[in-house]
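# Survey of secondary and tertiary structure
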Amino acid sequence: MKNFTYSRAENAESAIILISSNADAKFLGGGTNLVDLMRENIEQPDALVDVTNLSKDIEETADGGISIGAAAKNTAVANDKKVREKFPVLAQAILFGASGQIRNMATVGGNLLQRTRCYYFYDDAARCNKREVGSGCDAIGGFNRIHAILGTSDACIATHPSDMCVALAALDAKVLVEGKHGKREIAFNDFHKLPDNTPQIETELQTGELITAVEIPKNDFAKHSIYRKVRDRASYAFALVSVAAALEVENDAIKNVRIALGGVAHKPWRAFEAENFLTGNQATGTNFRQAAEAELKAAKGYEHNSFKIELAKRTIVSVLKELAENGGIKR
Ligand SMILES: Cc1cc2nc3c(=O)[nH]c(=O)nc-3n(C[C@H](O)[C@H](O)[C@H](O)COP(=O)(O)OP(=O)(O)OC[C@H]3O[C@@H](n4cnc5c(N)ncnc54)[C@H](O)[C@@H]3O)c2cc1C
Ligand code: SF4
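The following refers to the structure shown. What you see is a predicted model, and the numbers here were worked out from it, not measured in a lab. (Residues numbered from 1 in each chain as written. Chains lettered and ligands numbered in written order. Predicted model: local features only at pLDDT ≥ 70, side-chain atom pairs only at ≥ 80, totals over all residues. Heavy atoms only, no water.)

### Here we look at the overall build of the chain
Applied cut-off: Secondary structure elements follow DSSP: runs of H or I no shorter than four residues count as helices, runs of E no shorter than two count as strands, and numbering proceeds from the N terminus. Relative accessibility decides the category of a residue: with a 1.4 Å probe and only protein chains considered, values under 20% of the type maximum give buried, values over 50% give exposed, and everything between is partly exposed. Residue burial considers only the protein chains on display, and all accessible areas are found by Shrake-Rupley using a 1.4 Å probe. Counting rule applied: Lys, Arg positive; Asp, Glu negative; His and chain ends not counted. Throughout, a charge is located at the NZ atom of Lys, the CZ atom of Arg, the CG atom of Asp or the CD atom of Glu.
A tally of helices and strands in the chain yields 13 helices and 13 strands. Taken over the C-alpha atoms alone, the chain extends approximately 60 × 50 × 35 Å along its principal axes. By the burial criterion, 53% of the 331 residues in the chain qualify as buried. Summing over all exposed atoms, the chain offers an accessible surface of approximately 14,700 Å²; the carbon and sulfur share of this is 48%. Averaging the coordinates of the 41 positive side-chain charges in the chain and doing the same for the 42 negative ones gives two points 4 Å apart.

### Re the site of ligand 1
The following threshold applies: Proximity is defined per residue: if any heavy atom of the residue lies within 4 Å of a molecule or strand, that residue is considered near it. Whenever a nitrogen or oxygen atom comes within 3.5 Å of another N or O atom, the pair is scored as a polar contact, on the condition that within protein one atom can donate a hydrogen and the other can accept it, and that pairs from neighbouring residues in sequence are kept only if both atoms are in side chains. Each residue receives one of three labels: charged for Asp, Glu, Lys and Arg, nonpolar for Ala, Val, Leu, Ile, Met, Phe, Trp, Tyr, Cys and Pro, and polar for the others, Gly being one of them. All the domain ranges listed were derived from an automatic or database domain assignment.
Near ligand 1 you find 33 residues, and of these Phe27, Gly31, Thr32, Thr107 and Asp163 are the closest. A distance of 2.7 Å is found between an oxygen atom of ligand 1 and a side-chain nitrogen or oxygen belonging to Thr32. The backbone of Leu34 places a nitrogen or oxygen atom 2.7 Å from an oxygen atom of ligand 1. With the chains in place, 92% of the 980 Å² that ligand 1 exposes on its own is no longer accessible. For the shell around ligand 1, the elements supplying multiple residues, two or more each, are strand S2 (25-28), helix H2 (34-39), helix H7 (108-112) and strand S8 (210-216). Split into classes, the residues belonging to the shell around ligand 1 amount to 15 nonpolar, 13 polar and five charged. Looking at which domains feed residues into the shell around ligand 1, each of domain 1 (5-52) and domain 2 (221-330) supplies at least three.

### Overview of a nonpolar patch on the surface
Quick note on the threshold: Only residues whose relative accessible area exceeds 30% and that form no salt bridge enter a patch; like-charged residues are grouped when within 9 Å of one another, and nonpolar side chains (Val, Leu, Ile, Met, Phe, Trp, Tyr) when within 5 Å. Salt bridges are counted wherever a side-chain nitrogen of Lys or Arg sits within 4 Å of a carboxyl oxygen of Asp or Glu.
Where nonpolar side chains cluster on the molecular surface, the patch consists of Met1, Phe4 and Tyr6 and spans about 310 Å² of accessible area. For Tyr6, the location among the structural elements is in strand S1 (residues 5-8).

### Focus on the packing of aromatic side chains
Applicable threshold: Stacked, tilted and edge-to-face are the three classes assigned to paired rings of Phe, Tyr and Trp, where Trp is represented by its six-membered ring and a pair needs centres within 6.5 Å; plane angles under 30 degrees give stacked, over 60 edge-to-face, the rest tilted.
Within this structure, the stated rule accounts for four aromatic pairs. Look at Phe121 and Tyr122: their rings are 5.4 Å apart centre to centre, the planes differ by 90 degrees, and that puts the pair in the edge-to-face class. Since its relative accessible area comes to 1%, Phe121 is described here as buried. On the basis of relative accessibility, which here comes to 23%, the residue Tyr122 falls in the partly exposed class. By the ring-pair criterion, three or more aromatic residues cluster together here, those being Tyr119, Tyr120 and Phe143.

### Thoughts on the nonpolar core
Rules: Residue types Ala, Val, Leu, Ile, Met, Phe, Trp, Tyr and Cys, when buried and joined through side-chain atoms within 4.5 Å, form a set referred to as a nonpolar core. Every residue pair with non-hydrogen atoms within 4.5 Å of one another is taken to be in contact.
With 38 residues, the main nonpolar core has Ile68, Val77, Leu90, Leu112 and Leu168 as its most contacted residues. Counting residues per element, the ones that place at least two in this core are strand S5 (66-69), helix H3 (74-79), helix H5 (88-95), H7, helix H9 (164-170), strand S6 (174-179), helix H10 (188-191) and S8. With seven residues, the top contributor of residues to this core is H9. Not counting residues up to four positions away in its chain, the partners in contact with Ile68 are Asp57, Ile58, Val77, Leu90, Val108, Thr212, Ala213, Val214 and Ile216.

### Quick look at the site of ligand 2
Among the 14 residues in the neighbourhood of ligand 2, the closest are listed as Cys118, Cys128, Cys137, Cys156 and Ile157. Of the residues in the shell around ligand 2, the class split is ten nonpolar, two polar and two charged.

### Describing empty space enclosed by the protein
Cut-off, in case you're wondering: In the cavity and pocket records, a cavity denotes points on a 1 Å grid over the protein atoms alone where a 1.4 Å probe fits but cannot get out, a pocket denotes an open set with protein on both sides within 12 Å along at least 5 of 7 lines, and lining residues are residues with an atom within 4 Å of a point. Grid points are joined across faces, edges and corners, and a volume is the space filled by probe spheres set on the points.
Within the structure shown, the criterion is met by one cavity of 30 Å³ or more. Put simply, the largest cavity is a space of about 80 Å³. In terms of residue class, the lining of the largest cavity is made up of ten nonpolar, four polar and three charged.

In structure tokens:
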């Protein structure tokens, strides 16, 4: 591992000053992803700026939503009473991720920026456009069972590995960021990018910008929401496919529905096609299947991962049925 300096920021302002003083500096959250990547020499920062002393607050916002400080630990968010009552899908998604020990260390900011689990990204003998720009992509013709089926490009077919982010995508969250040019908010769906020809650029964050918080707007029906994760092992495994969903039915018609998918794309995938199809329609199994078909119409399977297309459809249908039968609001 390359030598690096370490400093700890006491607030957002000092974090931004510290990061600006070195072009190859990185923020450090719980270190559960970044330190692994440094050990493998995939990330080689000259300096780390520890941001775990920044806000960990989980507070109700003026509009009745929730604001979560970027340094809040994943465990704290999953255990928070307000989160569990208002947005159970978020607590469930976090608890499906990693292990208790990792969730105790991992922060919200770090979770958003965790890197892909593509095997070839971690193997410096492999060609990987994300790790080494322009080198090629060994996953496309290789063992691509865990890779993406939506929004892929000829440059990269990696997935975003987070569970928490899938729930945040379904909940219309926004990411609050701060840098030397001031503060701004980024809609969650715009935060992570598709690979296109630049898979090394994974988010909308500019160099030196710090995530300070994530905000979820008030949403009365999200208290009836669930997260389902399909994976090879019942614990300690990343999603092959996951679905975060919320459903509200009024007078036999779907009034509100939110669906996001994990394990299928370079970013948490908001299922707008399925949502548009379902809104105003009846909450029936046939309609759920048609919605899933509409969402996956553009999916493209590779040699080892075509099974994900049908798996994603069935998981969407199954989650929506469960919400309609047990959890979806009916008025
Ligand atoms: C064995 C294992 C299994 C796992 N399984 C799962 C799983 O099933 N599901 C899942 O979702 N996750 C899983 N994870 C990933 C885990 O959730 C992430 O490692 C964790 O969320 C990263 O958070 P962190 O605070 O440790 O980030 P760090 O490792 O500290 O940082 C990650 C990135 O975020 C940047 N960063 C951190 N904070 C900020 C900030 N405030 N502003 C700007 N940049 C920032 C860092 O510079 C770095 O680039 C697993 C991890 C391991 C090691
Ligand atoms: S899928 Fe993306 S991360 Fe994986 S080898 Fe190809 S370019 Fe690299």
